[in-house]
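Structural features, examined
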Amino acid sequence: ISSLLLVTDSLFGSEMGNKVTTKNEPSRTYSVTKRITIYVEELKIKFVLKTKQKKKREKMIIENWLRSSNIKSGWINDFNKIIFKYIKVFELLKTLQGHKNSVGGVRFSPDNEKIVSVSFDKTMRIWDVESGKQLQMFEGLFDWSNIAEFSPDGRAVFRCVMGSTLDLWDLKLNSSVIRFPSAGYCICSVAFSPDGKYVVICSTNVYAQLYELDSGKTTQRFEYHTYDVRSVQYSPDSQTVVVVSYDKTISIWNIIANEKLKELQGHSDIVNQARFSPDGKFIASCSWDRTIRIWDVETGTEIKKINHAGIPKDVKYFPDGQTLVSFASDKIIYLWDVSSGNEIHRLENSNLVISVDVSSDGNMLVSGSFDSTIRIWR
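Keep in mind that what you see is a predicted model, and the values were worked out from it rather than measured. (Residues numbered from 1 in each chain as written. Predicted model: local features only at pLDDT ≥ 70, side-chain atom pairs only at ≥ 80, totals over all residues. Heavy atoms only, no water.)

Thoughts on the overall build of the protein chain
- Helices and strands together make up the secondary structure of the protein chain, namely three helices and 28 strands.
- Expressed as a percentage of its 378 residues, the buried residues of the protein chain come to 50%.
- Here the contacts in the protein chain between residues at least 6 apart in sequence split such that 41% fall between residues at least 24 apart.
- A total of about 19000 Å² of accessible surface is found on the protein chain, and carbon and sulfur atoms cover 51% of it. (Helix = DSSP H or I, 4+ residues; strand = E, 2+ residues; numbered from the N terminus. Buried < 20%, exposed > 50% of the residue type's maximum accessible area, 1.4 Å probe, protein only. Contact = heavy atoms within 4.5 Å. Areas by Shrake-Rupley, 256 points an atom, 1.4 Å probe, with all protein chains shown as cover.)

What to know about the nonpolar core
- Counting 17 residues, the largest nonpolar core has Phe158, Leu166, Leu168, Phe180, Val190, Val199 and Ile201 as the members making the most contacts within it.
- Secondary-structure elements contributing two or more residues to this core are strand 7 (156-162), strand 8 (165-170), strand 9 (175-181), strand 10 (187-192) and strand 11 (198-203).
- Sequence-distant contacts of Leu168, that is, excluding residues within four places in its chain, are made with Ala156, Val157, Phe158, Ser175, Ser176, Val177, Ile178, Phe180, Phe192 and Leu213. (Core = buried A, V, L, I, M, F, W, Y, C linked by side-chain atoms within 4.5 Å.)

Describing the sheet that holds strand 12 (residues 208-212)
- Across the sheet, which stays open at both edges, the four strands sit in the order 10-11-12-13 with antiparallel pairing between neighbours. Because the sheet does not close on itself, it has two edges, and the strands there are strand 10 and strand 13 (218-222). Each adjacent strand pair in this sheet contributes to an overall mean axis angle of 20°, direction not counted.
- Pairing of strand 11 with strand 12, which is carried by five bridges, proceeds in the antiparallel orientation. Looking across to strand 12, one finds that Val199 is bridged to Tyr211. (Pairing = 2+ DSSP bridges. Axes fitted to C-alpha atoms, helices over the stretch in contact; angles between N-to-C directions.)

Focus: the sheet that holds strand 6 (residues 149-150)
- As summarised here, the arrangement of the four strands in space is 6-7-8-9, forming an open sheet in which the pairing is antiparallel. Of all strands in the sheet, those with a lone pairing partner are strand 6 and strand 9, marking the two edges.
- Taken together, the six bridges between strand 8 and strand 9 define a ladder with antiparallel strand orientation. Bridging across to strand 9, Asp167 finds its partner in Arg179.

What to know about the packing of aromatic side chains
- For the structure on display, the rule yields seven aromatic pairs.
- Seen from their ring centres, Phe158 and Phe192 are 5.0 Å apart, and the 25° between their planes marks the pair as stacked. In this pair, Phe158 sits in strand 7 while Phe192 sits in strand 10, placing the two residues 34 residues apart along the sequence.
- Judged by relative accessible area, Phe158 falls into the buried class, the value being 0%.
- On the numbers, 6.0 Å between centres and 25° between planes, the contact of Tyr334 with Trp336 is stacked.
- Look at Tyr334 and you get buried, because its relative accessible area is 3%. (Phe/Tyr/Trp six-rings, centres within 6.5 Å; stacked < 30°, edge-to-face > 60°.)

Thoughts on the UniProt feature "repeat: WD" (unreviewed entry) in the protein chain
- In the numbering used here, UniProt assigns the "repeat: WD" (unreviewed entry) feature to residues 96-137, 222-263, 264-305, 305-346 and 346-378.
- Between the first and last C-alpha atoms of residues 346-378 the distance is 13 Å; the span itself is 0% helix and 55% strand. (UniProt positions renumbered as here; feature names shortened; annotations may be inferred.)

Some remarks on the environment of Thr249
- Within the secondary structure, Thr249 sits in the loop between strand 15 (240-245) and strand 16 (250-254).
- According to the relative accessible area criterion, Thr249 is buried, its value standing at 8%.
- Separated by 18 residues in the primary sequence, Thr249 and His267 place their C-alpha atoms 7.5 Å from one another.
- Polar side-chain contacts of Thr249 include one of 2.5 Å to the side chain of Asp247. (Polar contact = N/O pair within 3.5 Å; in protein donor to acceptor, adjacent residues only side chain to side chain.)

Description of the confidence of the model for the protein chain
- Taken residue by residue, the protein chain gives an average pLDDT of 82. The fraction at 70 or more is 75%.
- Contacts for the low-pLDDT stretch residues 2-26, under 50 throughout, to residues beyond four places or in other chains number 20 contacts. (pLDDT = per-residue confidence, 0-100.)

So, the side chain of Gln209
- Structurally, the position occupied by Gln209 is in strand 12.
- Overall, Gln209 belongs to the buried group, its relative accessible area being 8%.
- Polar contacts involving the side chain of Gln209 include one to the side chain of Tyr211, which spans 3.0 Å.

Quick notes on the environment of Lys313
- Mapped onto the elements, Lys313 comes out in the loop between strand 21 (302-307) and strand 22 (314-317).
- Residue classification places Lys313 among the partly exposed positions, given a relative accessible area of 33%.
- The spatial distance from the C-alpha of Lys313 to the C-alpha of Ala328 is 5.3 Å, given a sequence separation of 15 residues.
- A polar atom in the side chain of Lys313 sits 3.5 Å from the side chain of Ser329.

Here it is, written out as structure tokens:
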């Protein structure tokens, strides 16, 4: 605003606000000045609203911290960092359009420059984040799939070409590298190991399978669930996986020993998803029992329960490990403070949210919607 006033003053002089006219022609200075004045007032209003919003957020964060049971004498040393992080208010950056049906899965590339999306229109698409333009499209995919995953190096993506077959597609070569047939009818979840050497796949069966990426061969199987496996995720150190089943349990497996280390029990209904924290010390899970729960990996105990509005479909950690993002069968994306378990922010979508992802730097969110659109939030 100050810069704008300086520019206008230099253009029209300190008396620009006065109406100057000639006998036959009114001065254009007044017209320009009036428009600039209106524009400046609009900027002032936006600035005031933004400031109020930030102050409201500051107050909310302070209250959340004061209510937290984990406050210690040294907590204030990091308070400025916490406040700085939460002051950021995510807003809609752009909307990507092109899909003809609901967008079931969205993921950022490792460098956050691209997004892969998969839709019930049987297509997978690659998007450029900065421009919002569609870069590639793959047709003829399985219409029920929500599998959208970049490889750790960002060079390839998984495509569900049939209900029980995954295709690893090289984006530069524009060709299939390898196919992974599953033993079940429909593939539910796929996860790359962080080191990029393996992939674990689960389908409508009572076990998950580990494949070697170079050969495509099955190396291990994680089973002993009484019902079908629902999802699977790797730990950050590539040593363990967490497996979710329809039997309401969450199991942690050591990959090398092919041994079940822990079974996390506490949810009273089907568990939708479970994910490791960035440091691998905790797991966040969400369930049809309308809760998000945080578990200690070492002890296998539940350390926090968060009540959720609606049934949370997915939950993910931000890269700092201090924030969770979730969504349910509504139009809202929820952000939670891990320490207090309190809601700290929500994003209002125009239609039902079906999928969400967080960028690797924590500065962006992407959501897939029932109305066929993809939204990028920053």
